[in-house]
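# Topology and contacts: notes
One letter stands for each residue in the lines below.
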Amino acid sequence: MANAEKFIVLPYRKNRGNLVPGEMRQASNAVSAEKIATSMALRFVGVAAYAVMVDEETGDMSSPRLLARHGEIADLSS
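Everything in this summary refers to the structure shown in the same document. Every value quoted in this text rests on a predicted model; they were computed, and no experiment measured them. (Residues numbered from 1 in each chain as written. Predicted model: local features only at pLDDT ≥ 70, side-chain atom pairs only at ≥ 80, totals over all residues. Heavy atoms only, no water.)

Further remarks concern the overall build of the chain. Counting its regular elements, the chain contains 1 helix and 5 strands. Written out in order from the N terminus, the α and β elements of the chain read β-β-β-α-β-β. Over its C-alpha trace the chain gives a radius of gyration of 13 Å, about what one expects of a compact globule, namely 12 Å for 78 residues. Sequence separation of 24 or more characterises 55% of the internal contacts of the chain that already satisfy a separation of 6 or more. One way to put it: in the chain the 9 positive side-chain charges average out to a point 13 Å from where the 9 negative ones average out. (Helix = DSSP H or I, 4+ residues; strand = E, 2+ residues; numbered from the N terminus. Rg over C-alpha atoms; globule rule 2.2 N^0.38 Å. Contact = heavy atoms within 4.5 Å. Lys, Arg positive; Asp, Glu negative; His and termini not counted. Charge placed at Lys NZ, Arg CZ, Asp CG, Glu CD.)

In C-alpha cells, the structure reads:
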C-alpha cells in the first residue's frame, strides 16, 4: 500500500441552514493550499486547506491535518 501526502482545499456553503462541502481543489504544496484557501475565503461561508494521506491504489484519503481555516468549516475527522 503506497501512501502519499496530498494538499487539498475544501470550500463550504450553506444549504437550507446546513454546512455543505463544495468542489475540492488540489494544491501542489502546503503554501499553495493556504494561498488558494485565502483567495477563496471571501466567496464562501468557510474554506479549509488540509494535508491528507492518500492511498495511491484506492484513492482513499486519511489523516487530515488542517493547514488553514477561514470561516465556518466541518470536522473532517468525524
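Moving on: the nonpolar core. In this structure, Phe-7, Val-9, Ala-27, Ala-33, Ile-36, Ala-37, Met-40, Phe-44, Val-47, Ala-49, Ala-51 and Ala-68 together form the largest nonpolar core, which totals 12 residues. Sorting the residues of this core by element identifies strand S1 (3–15), helix H1 (30–40) and strand S4 (46–55) as the ones contributing at least two each. When residues of this core are assigned to their parent elements, the largest contribution, 4 residues, is made by H1. In this structure Met-40 touches Val-9, Pro-11, Arg-25 and Val-47, once residues within four positions along its chain are discounted. Counting residues in each nonpolar core, the second largest holds 8 residues, with Ile-8, Leu-10, Tyr-12 and Ala-48 among its members. (Core = buried A, V, L, I, M, F, W, Y, C linked by side-chain atoms within 4.5 Å. Buried < 20%, exposed > 50% of the residue type's maximum accessible area, 1.4 Å probe, protein only.)

This next bit is on the pairing of S4. A large share of S4 lies buried, amounting to 9 of its 10 residues. Across 8 bridges, S4 lies against strand S5 (residues 61–71) in antiparallel orientation. Counted as the bridge partner of Ala-48 is Arg-69 from S5. Between the end of S4 and the start of S5, which pair antiparallel, lie 5 residues, with Gly-59 showing a positive phi angle near 85 degrees. (Pairing = 2+ DSSP bridges.)

A few words on the pattern of salt bridges. In the structure shown here, the tally under the stated rule is 2 salt bridges. The shortest N-O distance in the salt bridge between Arg-65 and Glu-5 comes to 2.9 Å. Of this pair, Arg-65 sits in strand S5 while Glu-5 sits in strand S1; the two residues are 60 residues apart in sequence, bridging distant segments of the chain. Owing to a relative accessible area of 42%, Arg-65 belongs among the partly exposed residues under this scheme. Of the charged contacts in the structure, one is a salt bridge between Glu-72 and Lys-14, with a shortest N-O distance of 3.3 Å. (Salt bridge = Lys/Arg side-chain N within 4 Å of Asp/Glu carboxyl O.)

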